[in-house]
Amino acid sequence: MKVIRLVPDTDGAVPWPVLDKEKRSVVTIGTFDGVHKGHAAVIRRTAELAEKYGSFSVVIMFDPRPSFVHSHSSIGPGIHIPAAPAPVQDDGSPQDGSIQFGGNNEPDPEDPEAISSAGQRIQWIRDLGIQYLLIVRYTPGFARQTYINFLGQLVGKLGMRTLVLGADARFGRGLEGNVKTSRTVAASTGVFEVDAVEDQGRGFTWVFPDVQYHVPDSAGEPANPLNSMSKADRRAWTKKHHMVRVRDWSSSHVRDALAGGRIAEAAEVLGRSPQIRGEVVHGEARGRQLGFPTANLGGTIEGFIPVDGVYAGYVTDAGHRWPAAVSVGTKETFRDAADAHSDSERVVEAYIIDETGLDLYGHTVTIEFTAFMRPQARFGSFQELIAQLGEDSQRAKAIISGRRKTA
Ligand SMILES: Cc1cc2nc3c(=O)[nH]c(=O)nc-3n(C[C@H](O)[C@H](O)[C@H](O)COP(=O)(O)O)c2cc1C
Ligand SMILES: Nc1ncnc2c1ncn2[C@@H]1O[C@H](COP(=O)(O)OP(=O)(O)OP(=O)(O)O)[C@@H](O)[C@H]1O
């Protein structure tokens, strides 16, 4: 798969590459945050049609998330979104091996509600058999383009003859582009067709209107409270909490599940375990003394960090994948209760079970979350914390080996 990053100019004009003067393309567009099972269906359909027609398969992916850019630009100057993306390697080339046109490589502001970075999405889309991934820098200028103008560019520059869209896709200024309006343009120009993928997943679910973290109050993975409610109770509950109805397979559903510690529910929509990625940095070196050394993630963490708690999961580094007990939280035991600001940073750390001699400092590792085990606790002594860490490791091992047997 060829990955090309495209940075629009201040008027929103995209420097589209010429793929091939003769060959046509099948194109799909979207943000694909998390590349969940609904996104995967649309992307697979694109690859399948391209193969059938002997065309290029092209995914146009927006980065950063349009909703992130709009929420910041609507607040006014707020957070500065630089004109260009992509962390770079020492030699100046983007870390993910992509080619980039334009831009100045300022670092991106953090988007803690994104389920995935562009780098993670690249990996997952590559596995779906696509030939070209064009990552368009989503800027306020680009957002002002009409869908008609945008479609014209796809036809003129990329040789688009088929546009694949999910049934409720929306794009272009005022979100006026959709299956129906694109079909009207297709019919009046006669140069492309629209292939609509029907909504995938099990209907609809309800989520909080914005990301709200709910720390589970007891051990074990929490169930979605909606599951056990009667229709009438569900109606009252969703109304009371101003919840919104979203597709079962949607990024907002994944965020809602992760913010409530419902890992299995998120994994069901994603089609893989929820995961984050980041660099291992030095912690306070206390873990080693306790007999449980941990890999602490620092800097920018890619992916959505689930609600505070202790999880069973895996750590992957350069092809090695180890079972782990993962802690997300503020290390309440070591926080000075009298000083509200002491040590209150939210930390993600993983104890790789039964491994004590690893040196992962400076490595970029992936942490997968398999199950929520318990909320964070404040312990009265080191001994109690050590005993609990031992129990967490046993429990994580049992969960992971149980999953392996049923997988
Ligand atoms: C599986 C696991 C569970 C943890 N649970 C808690 C907890 O409930 N309360 C707490 O204060 N710290 C908890 N911690 C964090 C430890 O306090 C932390 O690992 C230790 O202080 C070492 O920190 P360091 O890596 O900065 O040296 C947990 C850590 C792990 C790996
Ligand atoms: N469950 C689904 N079934 C079918 N198509 C889907 C599903 N979810 C997303 N899509 C389609 O995937 C493409 C990319 O979607 P995009 O990521 O831009 O936003 P989205 O539809 O709002 O997805 P989400 O709600 O998950 O964020 C669109 O064509 C969209 O309609």
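Cut-offs applied
Residues numbered from 1 in each chain as written. Chains lettered and ligands numbered in written order. Predicted model: local features only at pLDDT ≥ 70, side-chain atom pairs only at ≥ 80, totals over all residues. Heavy atoms only, no water. Buried < 20%, exposed > 50% of the residue type's maximum accessible area, 1.4 Å probe, protein only. Helix = DSSP H or I, 4+ residues; strand = E, 2+ residues; numbered from the N terminus. Arc of directions from axis to C-beta. Contact = heavy atoms within 4.5 Å. Polar contact = N/O pair within 3.5 Å; in protein donor to acceptor, adjacent residues only side chain to side chain. Near = heavy atom within 4 Å. Areas by Shrake-Rupley, 256 points an atom, 1.4 Å probe, with all protein chains shown as cover. Nonpolar A, V, L, I, M, F, W, Y, C, P; charged D, E, K, R; others polar. Domains from an automatic or database assignment. Pairing = 2+ DSSP bridges.

(A) Expanded view of helix α6 (residues 179-189). Here α6 has its buried residues at V179, S182, V185 and A186. Along the axis of α6, the buried positions cluster into a sector of 125 degrees, meaning they face one direction only. Away from its buried face by more than 90 degrees, α6 exposes K180, T184, A187 and S188. Summarising the contacts, the buried residues of α6 are in contact with α5 (147-158), β6 (160-166) and β7 (193-197). Backbone nitrogen of K180 and a side-chain oxygen of the N-cap are separated by 2.9 Å at the start of α6; the cap is N178. Residue G190 follows α6 closely and has a positive phi angle near 70 degrees.

(B) A look at the site of ligand 2. The local shell around ligand 2 holds 19 residues, among which F32, H36, G166, Q200 and S251 are the closest. The backbone of A169 places a nitrogen or oxygen atom 3.5 Å from an oxygen atom of ligand 2. One of the backbone N or O atoms of Q200 is found 2.8 Å from a nitrogen atom in ligand 2. Coverage of ligand 2 by the protein amounts to 84% of the 580 Å² it exposes when considered alone. Of all the secondary structure elements, the ones that give two or more residues to the shell around ligand 2 are β2 (25-30), α1 (37-53) and β6. Looking at side-chain class alone, the shell around ligand 2 contains six nonpolar, nine polar and four charged residues. Residues from two domains meet in the shell around ligand 2; each of domain 1 (2-197) and domain 2 (204-262) gives at least three.

(C) Spatial organisation of the pairing of strand β14 (residues 347-352). Summarising burial for β14: six of the six residues are buried, a large majority. Side chains of β14 alternate between two faces, with V347, E349 and Y351 and V348, A350 and I352 buried alike. Of the strand pairs in this sheet, strand β11 (residues 295-302) and β14 are connected by two bridges, and their pairing is antiparallel. Across the sheet, the residue bridging to N296 is E349, located in β14. As paired elements, strand β13 (residues 320-329) and β14 share six bridges and run antiparallel to each other. Along β14, the bridge assignment pairs V328 with V348.

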